[in-house]
Amino acid sequence: MRAEYETRIDSELELITERGFAAYLLIVQDFMNWARRHDIPVGPGRGSAAGSLVCYALGITDIDPLRYGLLFERFLNPERHDNPDIDCDFCAHGRDRVIEYVTEKYGKDSVCQIGTFATLKAKAVVRDVGRALGYPYAEVDKVAKLIPFDPKITIADAIEKNSEFRDFIEENAWARELTEHAKALEGLTRHIGKHAAGVVIAPAPLTEFVPLTRDKDGHVITQWDMKDVEAAKLIKFDFLGLKNLTIIDKALKLIERNHGVRIDMDAIPMDDAKTFELLAKGHTTGVFQLESGGMTEVVVRIAPSSVDEIIALVALYRPGPMRMIDDYIASKKGEKTVTYELPVLEKYLKETYGLMVYQEQVMQVVREVGGFSLGASDLLRRAIGKKKREQVEQFRTEFLDGAANKGISRDKAEKIWDLIDKFAEYGFNKSHSAAYGVLAYQTAYLKANYPNEYMAAVLTMNSDNTDKLYPKINEVREMGMEILPPDVNRSERDFIVEDGKIRFGLIAVKNVGEGTIQALVHAREEHGEFQGLFHFLEHVDPQHVNKRVMESLIKGGCFDKINPNRAQLLAGLDAALEHASRRAKERASGQGSLFGGMDGAVGLDQAGDALPDTEPWTDSEQLDGEKTAFGFFLTGHPLRQYASIIKQYTNLTCAGLKDEDFGTTMEATMAVIISGRRFIDTVRGRMAILEAEDLTGTFEAVVYSDVLARHDALIRSEEPILLAGTAENQEKGPRMVVKKIVPLAEAQKNWEPNSIFVCREPKWHKARLRCLKRYCLMRDGGNAGRCSMCGCRGPVKRC
């Protein structure tokens, strides 16, 4: 084994030094080590660099390439003269500090981020041209929305592929004019921006190599894009911020704080039974790479029992390789016999049950059968992936000749070639998959073994996005964990673990910023727990506390342990703020207090003498206040009392719809409350645009005039309801066109249960090539029914 490592590292060093890339690797090693020394978490690796043993030895990556069967030639091909490309993941909160370090070390005149050019894509150019021509926004927006969501689609492609778009243009002269002008501008540069990760370090002032400019924030960037910068013989470095590294870091600090254990993520067992049990049950919320709805289904079906299977999952769940998932699962379960065209191929394909899942496997098979070098194998793989058919045909001839020289029959060689040609186009980079698969396992390990600390960290890192935070809070509760409400005497900036429960973090309270939280915590540490509203306002720096901040804290229940009457606190807030301002002025002038100091103010507050007599809020009013403070209900929800009905009569949630690809539509029934409504008069009558909210998020519901006429009173009420209609995940968010509405409390009287059935084995929709297990709806409740999505007939089972 040692000899294998020595041979590998010697061959890598030979090519690295021959190409003059040693300095490049040492620069990367330097800033990676600096990040570690300054407690900035770094990732285990990313991209093809994980295939280099030299990178592993230098500490650039944490993945042993020989353990995972990774190839150096995938990183640096001896038969190509490309620059090496190392993508570096850092904690999202520390990435900018690393860039600052590099800038200071190598000089501000030699370091800057790379520019990038935004071009006029199909949808954007239609909107820009429509605005320039003065067409009504609503009409132009309608045209833009008819263009299918695809970053690479052109207007010409949209006209060819979408009959609705084509017909609309033919029927409307103004739309024809709009699209003709748009086609003329399509693809042109719209503006210059800053590359998300690319940084260039030059050996001399950058002005000697590339023109520079400033972005909208005043930062210096190159006027050339990434390709032109590399053509100028400069090497770029990619600094990426990865939120999951921050989650791991926060979780580790909470674990050490609560359990007194300092965990080294590089030393955790890689065969932890609790981790694989967690994944097999589909508890993937917060698990890196594995938490989307579709991926979770695949995780449950595969039930990974090793890190290698997680690595395969990361590679398989992509548009191309996804078609291999059924075969992979069937082979793993022994339902399909694994065969190899040649016995020698087993050592390369055994780990993926005879399938070529990885690009590295394609390269190894080409070398083994066709006699290619690994460098030439990589060139072949690239040619197939980029559909360069002339090159592919040339490689095919060389492959068949090489196989013949090894005594392999032409018939057998052609079968193997067909497999290579089929899989090389979709094979995924195993180096990247291995690095991210290991990171996925690490997050799953923490969740399985320290669920409270890990999920508290997940909630903290999603606290700036209500649409993500609320579903995760619900999922935490479903895991059996309790969420304690925010408390000015207990809460910290982040979500923390307190007595085995998760305490809500102040950072998730609206209008409460970093400065306010720091001032609050500082005052609490200096003066002890707050005794009341007056005490709080006297001791927290008034520069960071105003009426808007206090209203959010009160409505969010942050003072409930001091005074649970939120209505009373709000009613006395103006007087309390005025009192605090007066006390601050007295302290500044050295005067005494009218009330004899702090204790007098505390007494007033505790006794309620300084607060007006006010009736407490009703449960509904309290929940409305929480909605204002957090963007969602925290201590309750109007829908929770209907949990059993919701389970029986609905087939989709807002979070589930958001998991789908843009453009995905389905017939759905959802339980909601209406939190906002707009009415619009059109030529066809009055329609309503509703803000509908379920237990997982908020979406737009459109009610046209015929449905509105039947259900107008119900839509205007505060009553929980069932909406049935066509749901779609659009670019701007999930949306439903409503066809039927029923009061949720009366569902059993007015609605037949959905009788949702699913295919026993998930089917693959030809148009999307993705699992539609959840949407195979058989509403007649029998085996003779036909699946409305994939057309299959039973056997079926109840969902």
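Use the structure listed above.
What counts, and at which threshold
- Residues numbered from 1 in each chain as written.
- Predicted model: local features only at pLDDT ≥ 70, side-chain atom pairs only at ≥ 80, totals over all residues.
- Heavy atoms only, no water.
- Axes fitted to C-alpha atoms, helices over the stretch in contact; angles between N-to-C directions.
- Helix = DSSP H or I, 4+ residues; strand = E, 2+ residues; numbered from the N terminus.
- Parallel < 35°, antiparallel > 145°, perpendicular 65-115°, else oblique.
- Left-handed = near helix turned anticlockwise from the far one by under 90°.
- Contact = heavy atoms within 4.5 Å.
- Phe/Tyr/Trp six-rings, centres within 6.5 Å; stacked < 30°, edge-to-face > 60°.
- Buried < 20%, exposed > 50% of the residue type's maximum accessible area, 1.4 Å probe, protein only.
- Lys NZ or Arg CZ within 6 Å of the ring centre and 35° of its normal.
- Salt bridge = Lys/Arg side-chain N within 4 Å of Asp/Glu carboxyl O.

**Student:** Break down the packing of helix α5 (residues 122-133) against helix α6 (residues 137-145) for me, citing the residues and quoting the values.
**Tutor:** The contact between α5 and α6 brings their axes to 9 Å, and the two run at 160 degrees. Accordingly, the angle class assigned to the pair α5 and α6 is roughly antiparallel. In this structure, α5 crosses over α6, and the sense of that crossing is right-handed. For the pair formed by α5 and α6, the contact residues are K123, V126, R127 and G130 on the first element and V140, D141, V143, A144 and K145 on the second.

**Student:** Talk me through the packing of aromatic side chains; I want residue IDs and the actual numbers.
**Tutor:** What the rule picks out here adds up to 21 aromatic pairs. With a centroid separation of 4.6 Å and an interplanar angle of 40 degrees, the aromatic rings of F31 and F239 are classed as tilted. Within this pair, whereas F31 is found in helix α2 (residues 22-37), its partner F239 is found in strand β6 (residues 236-242), the two being separated by 208 residues in sequence. By relative accessible area, F239 is classed as buried at 0%. Ring geometry for F72 versus F75: centroids 6.0 Å apart, planes at 65 degrees, classification edge-to-face. For the residue pair F72 and F75, the accessibility class agrees, reading buried in each case. Taken together through their ring pairs, the aromatic side chains of Y24, F31, F90, F237 and F239 make up a single cluster. The lysine or arginine in question, R318, covers the ring of F428, its NZ or CZ lying 3.9 Å from the ring centre. Here the basic side chain of R716 rests over the ring of F679, its NZ or CZ set 4.2 Å away from the ring centre.

**Student:** So what's going on with the pattern of salt bridges? Residues and values would help.
**Tutor:** Counted by the stated rule, this structure contains 47 salt bridges. Between D249 and K253 there is a salt bridge whose closest N-O contact spans 3.2 Å. Placement of the pair is D249 and K253 together in helix α11 (residues 243-259), with a separation of 4 residues, close to one helical turn. Linking K501 and E482 is a salt bridge whose minimum nitrogen-to-oxygen distance equals 3.5 Å. Residue K501 is found in strand β9 (residues 501-503), and its partner E482 is found in the loop between α23 (466-478) and β7 (483-484); the two are separated by 19 residues along the sequence. Residue classification places K501 among the partly exposed positions, given a relative accessible area of 32%. You can call E482 partly exposed: its relative accessible area is 41%. The network of salt bridges with common partners includes K250, R493, D494 and E514.

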